[in-house]
Amino acid sequence: MESKNYQEDLSHIRSMMERSSRFISLSGLSGVFAGLSAIVGAIYVYFVFQREGIDYFDGDRNIFGPSLVKELVTIGVVILIAAILSGYIFTANKSKKKGLKIWDATTKRLLITFAVPLVAGGFFCLGLLYHHLFVFIAPATLIFYGLALVSAERYTLTDVKYLGYFEVILGLASLFFLGWGLLFWMLGFGVLHVVYGLIMHKKYK
């Protein structure tokens, strides 16, 4: 009997330590929604290309005008906002159900750790835009986002780093297939997120 109580106490202490050191309320459904948003966005961009007379799958390098680049950036920002909002909503609901605070010292450390490579990547992509090196933007976003996930893993679910590894690998691979950035972007931010989100939802629901 005492041994059982001892094991329960250890389990309780371990759970408290994990809650205090890691943000464990990330929702798998937020990953699914973010992935679906990215897929829908990529499909929309494909039709934008068709509207502009660009056949994405013909393998030719296309030159994008300033107005088209601006529209593509706007679409990307909309998708990002949708992903962030969905992430907050699903995660807040999960935290509420578990009786956990969504905003504490651990959350702050997580966001800071996640933001450093992400902000650096954002400025790097702005530099690519400035120099009209559009073909490198998709690989750069995948790589820096993956690095941000790997970096943030220490303050959240360990599984996040595996998504980060796949994002980095996909970004590096896309450097050898320049001109196919939209496809790699959809795989990285769309398909990988959906798969990861479903796995996490099943594992931690």
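Heads up: the structure comes first, above all this text.
These lines cover the structure that appears in this document, whether it is placed above or below. None of these values were measured; they are calculated from a predicted model.

### Topic: the overall build of the chain
Phase 1 of the analysis: The helix and strand inventory of the chain stands at 7 helices and 0 strands.
Phase 2 of the analysis: The linear arrangement of helices and strands in the chain, starting from the amino end, is α-α-α-α-α-α-α.
Phase 3 of the analysis: Contacts in the chain between residues far apart in sequence, at least 24 positions, make up 75% of those at least 6 positions apart.
Phase 4 of the analysis: Of the roughly 12,700 Å² of accessible surface on the chain, 70% is carried by carbon and sulfur atoms.

### Overview of unusual backbone geometry
Phase 1 of the analysis: Notably, H132 is not glycine yet its phi reads approximately 60°, a positive angle.
Phase 2 of the analysis: Counting through the fold element by element, H132 comes out in the loop between helix 4 (105-130) and helix 5 (137-152).

### What about the packing of helix 4 against helix 5?
Phase 1 of the analysis: With their axes 8 Å apart at the nearest point, helix 4 and helix 5 run at an angle of 170° to one another. Taken as axis vectors, helix 4 and helix 5 run roughly antiparallel relative to one another. Considering only the axes of helix 4 and helix 5, their crossing is right-handed. Every residue of helix 5 that contacts helix 4 at L110, T113, F114, P117, L118, A120, G121, F124, C125, L128 and L129 is listed here: I137, A140, T141, F144, Y145, L147, A148, L149, S151 and A152.
Phase 2 of the analysis: Residues of the contact of helix 4 with helix 5, tallied by class, amount to 17 nonpolar, 4 polar and no charged.

### A short note on the packing of aromatic side chains
Phase 1 of the analysis: A full pass over the atoms with the stated rule returns 7 aromatic pairs.
Phase 2 of the analysis: On the basis of an interplanar angle of 45° and a centroid distance of 5.6 Å, the ring pair of F124 and F144 is categorised as tilted. Of the two residues, F124 sits in helix 4 while F144 sits in helix 5, which places them 20 residues apart along the sequence.

### Details of the pattern of salt bridges
Phase 1 of the analysis: Taken as a whole and judged by the stated rule, the model has 2 salt bridges.
Phase 2 of the analysis: Across the pair R51 and E52 runs a salt bridge whose closest N-O atoms are separated by 2.9 Å.
Phase 3 of the analysis: R51 is the salt-bridge partner of E71, the closest N and O atoms lying 2.7 Å from each other. Of this pair, E71 sits in helix 3 (residues 66-98) while R51 sits in helix 2 (residues 28-51); the two residues are 20 residues apart in sequence, bridging distant segments of the chain.
Phase 4 of the analysis: Taking the relative accessible area as the measure of exposure, E71 reaches 22% and is therefore partly exposed.
Phase 5 of the analysis: Each of R51, E52 and E71 takes part in one network of salt bridges that share partners.

Thresholds, definitions, all that
- Residues numbered from 1 in each chain as written.
- Predicted model: local features only at pLDDT ≥ 70, side-chain atom pairs only at ≥ 80, totals over all residues.
- Heavy atoms only, no water.
- Helix = DSSP H or I, 4+ residues; strand = E, 2+ residues; numbered from the N terminus.
- Contact = heavy atoms within 4.5 Å.
- Areas by Shrake-Rupley, 256 points an atom, 1.4 Å probe, with all protein chains shown as cover.
- Axes fitted to C-alpha atoms, helices over the stretch in contact; angles between N-to-C directions.
- Parallel < 35°, antiparallel > 145°, perpendicular 65-115°, else oblique.
- Left-handed = near helix turned anticlockwise from the far one by under 90°.
- Nonpolar A, V, L, I, M, F, W, Y, C, P; charged D, E, K, R; others polar.
- Phe/Tyr/Trp six-rings, centres within 6.5 Å; stacked < 30°, edge-to-face > 60°.
- Salt bridge = Lys/Arg side-chain N within 4 Å of Asp/Glu carboxyl O.
- Buried < 20%, exposed > 50% of the residue type's maximum accessible area, 1.4 Å probe, protein only.

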